[in-house]
Amino acid sequence: KILRLGYPGSPVIERKARSGIQHPPLKFPRAFMGKDSLDFSFSGLKTAVFYYVGAKRITPALVSKVAYAFQESVFSVIIRNVIAASKKYGITTVLVGGGVACNKVLSLKLKEASIKEGFSLFMPEPQYALDNGAMVAAIGEELFKRGHRSPLDLTAEPNLEGDIWWNQRSISR
């Protein structure tokens, strides 16, 4: 939004970032929440972009430079956390989902990490890498078809442990 790229921004950021490499490169903060934490937040990164762009004139060169630095910041956090999670939990297979799975830079960086760190990586074809909301809706439809129903007073529970939902309500049942 800050760079006036429209929605969805991810494909445009990837395209603009291709010509944004600068020497010395612009660096934005990495959203690490603690040494051993796998949590992250990109709100500080968005704030850094906001303050960097400030009152500057939005030119193609500025957009490319910021897009490249933004993408590098986000992907370094994602890759660091994928590697850390694979080591911490003994994960041997990683499946990437969501629209960002279409990003060629992320795909390449994850493939390099999987080779170096020794985990299997599965990346969907772009036509199957949907927006997370669409993927949640698809799972909901499948659960509905299989007879799963939730009460009307159901509330969101953001703090469930990783596999509790799947163990209790597996769509394979």
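First, a word on scope: everything that follows refers to the structure included in this document. Fair warning: this is a prediction, and the values are worked out from it, not measured in the lab.

## Focus: unusual backbone geometry
So, point 1. For Arg-4, which is not a glycine, the phi torsion comes out positive at approximately 60°.
So, point 2. Within the secondary structure layout, Arg-4 lies in the segment before helix H1 (9-17).

## Overview of the pattern of salt bridges
So, point 1. Inspection of the entire model under this criterion finds 4 salt bridges.
So, point 2. In this structure, Lys-145 and Glu-141 form a salt bridge, with 3.8 Å as the shortest nitrogen-oxygen distance. You can see Lys-145 and its partner Glu-141 sitting in helix H5 (residues 132-145), 4 residues apart, about one turn around the helix.

## Considerations on the side chain of Ser-64
So, point 1. Residue position: Ser-64 is located in helix H3 (residues 60-89).
So, point 2. Judged by relative accessible area, Ser-64 falls into the buried class, the value being 6%.
So, point 3. Within the structure, Ser-64 has its side chain in polar contact with the side chain of Ser-19 (distance 3.1 Å).
So, point 4. Contacts of Ser-64, omitting those with residues within four sequence positions, involve Lys-16, Ala-17, Ser-19 and Gly-20.

Definitions and cut-offs
- Residues numbered from 1 in each chain as written.
- Predicted model: local features only at pLDDT ≥ 70, side-chain atom pairs only at ≥ 80, totals over all residues.
- Heavy atoms only, no water.
- Helix = DSSP H or I, 4+ residues; strand = E, 2+ residues; numbered from the N terminus.
- Salt bridge = Lys/Arg side-chain N within 4 Å of Asp/Glu carboxyl O.
- Buried < 20%, exposed > 50% of the residue type's maximum accessible area, 1.4 Å probe, protein only.
- Polar contact = N/O pair within 3.5 Å; in protein donor to acceptor, adjacent residues only side chain to side chain.
- Contact = heavy atoms within 4.5 Å.

On their own, these measurements won't tell you what the molecule is for.
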